[in-house]
Amino acid sequence: MNILMLAPLQKDNFEKIEQHFSQDHFIYATRHTVTQKMIDQCDVIVGNPPLQYDLNREHLQAILLNSAGSDEYVKPGILSSHTLLANASGTYGVAIAEHTIGMILALNKNFKTYIQHMQNGIWQADTIGKELYRQTVVIVGLGDLGYTIAKRLKAFDCYNIGVRRRPSQCPSCLDEIYTTDQLEDVLPRGDFVILALPQSSQTYHLFDQQKLMLMKRDAVLINVGRGSAIATDDLVNVLNQGHLYGVGLDVVEEEPLPADHPLWQMDNVLITPHASGGYVWESARTYFTDLVIRNLEHLKAHEELENLVDFQTGYRYHTLNL
């Protein structure tokens, strides 16, 4: 089997994969150095091949994406019907959950203000702030990411309310669970609202001005899913009205966010450049490496792949039993 490796892993990760498949041939490239010839000669691609190349090849058995999102690859004509597609869901949960907690605490405890004070030698305490302890948190999107965040919030004794596409049983890390069509009833209850949504036609601008205004005036909004879930202009309008205590954005609609965008200048907005996940984190590299090994073994044994993507919905066929 010829395996084209495009995923941004490190040497020890590649070596671990090769040790499991010593009889196979590995081709190494990046998204910037890969060629059409490499794609035409491989049986499996590990990573996200650029869409500028023709991926609709019957001989291509599978693409094992290094991203959780797969919306670009499920569009008609991009892949052959013979090609299996699996995403990397589960890879980023640990790293992004830590980032989410960090953003919440930074906003709650006014760290942005204190960093400015420190730079100017100002010894002055803020008289406002928020606690996470025993607060109600609404988590919108309950894939691996939302589930992992919920588990960590339980350490703060939070009351967790989950919102997902389909009805399901309530796991131990959640206190209540609802479906997306009940979102408007749930939002007014949240002291914190965390978006861990994938990108789809159903999630695009889900949080418009109406939804944002349903949130408590002093609520904190965090988005670590997809930037398109929030209508950016609506968010700016809502913040200009003094609504919401704070907003943490690791993702935005337009990336990179233009330097002159008003969100940069808002004191109660914390922005990071889509940095919460990714392969800079060891937890992500380790999880994805092991996932690739398992899926290559599944492929050779003609077994169903983990995280197999449904081309009709863009989601995995089998998600966490929430």
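What you see is a predicted model; the values in this text were computed from it and never measured. (Residues numbered from 1 in each chain as written. Predicted model: local features only at pLDDT ≥ 70, side-chain atom pairs only at ≥ 80, totals over all residues. Heavy atoms only, no water.)

S.K.: Before we move on, could you go through the nonpolar core and cite the residues and values that matter?
M.R.: In this structure, Ile 17, Val 46, Leu 64, Leu 153 and Phe 288 are the most contacted members of the largest nonpolar core, which totals 50 residues. Beyond its immediate chain neighbours, meaning those up to four positions away, Phe 288 contacts Ala 7, Leu 9, Val 46, Leu 64, Leu 65, Asn 66, Ala 88, Thr 91 and Tyr 279. Residues Ile 161, Ala 229, Val 236 and Leu 263 belong to the second largest nonpolar core, which totals 31 residues. (Core = buried A, V, L, I, M, F, W, Y, C linked by side-chain atoms within 4.5 Å. Buried < 20%, exposed > 50% of the residue type's maximum accessible area, 1.4 Å probe, protein only. Contact = heavy atoms within 4.5 Å.)

S.K.: Can you break down the pattern of salt bridges residue by residue, with the values?
M.R.: One pass over the full model with this rule turns up ten salt bridges. In this structure, Asp 54 and Arg 57 form a salt bridge, with 2.5 Å as the shortest nitrogen-oxygen distance. Measuring nitrogen to oxygen at the nearest pair gives 3.9 Å for the salt bridge that ties Glu 184 to Lys 211. With a gap of 27 residues between them, Glu 184 in helix α6 (residues 183–186) and Lys 211 in helix α7 (residues 209–214) connect regions that are remote in the sequence. The class for Glu 184 is partly exposed, based on a relative accessible area of 35%. Lys 211 sits in the buried class, given a relative accessible area of 12%. (Salt bridge = Lys/Arg side-chain N within 4 Å of Asp/Glu carboxyl O. Helix = DSSP H or I, 4+ residues; strand = E, 2+ residues; numbered from the N terminus.)

S.K.: Summarise the sheet that holds strand β1 (residues 2–5); cite the residues concerned and give the values.
M.R.: The strand order across the open sheet formed by five strands is β2-β1-β3-β4-β5, and the pairing between neighbours is parallel. Each edge of the open sheet carries a strand with a single partner, namely β2 (25–28) and β5 (84–86). Taking the axes of each pair of neighbouring strands and ignoring which way they run, one obtains an average angle of 15° across the sheet. One ladder, built from three bridges, connects strand β4 (residues 62–64) with β5; its direction is parallel. Among the inter-strand pairings, Ile 63 is bridged to a residue of β5, identified as Leu 85. Here helix α9 (residues 282–300) sits on the sheet in contact with β1, β3 (44–46), β4 and β5, set at roughly 165° to β4. (Pairing = 2+ DSSP bridges. Axes fitted to C-alpha atoms, helices over the stretch in contact; angles between N-to-C directions.)

S.K.: Describe the pairing of β2, and please don't skip the residues or the numbers.
M.R.: Note: β1 against β2, four bridges, orientation parallel. By the bridge assignment for β2, Ile 3 is matched with Phe 26. The parallel pair β1 and β2, bridged by helix α1 (residues 11–20), forms a crossover whose chirality is right-handed. (Right-handed = clockwise from strand over helix to strand, strands pointing away.)

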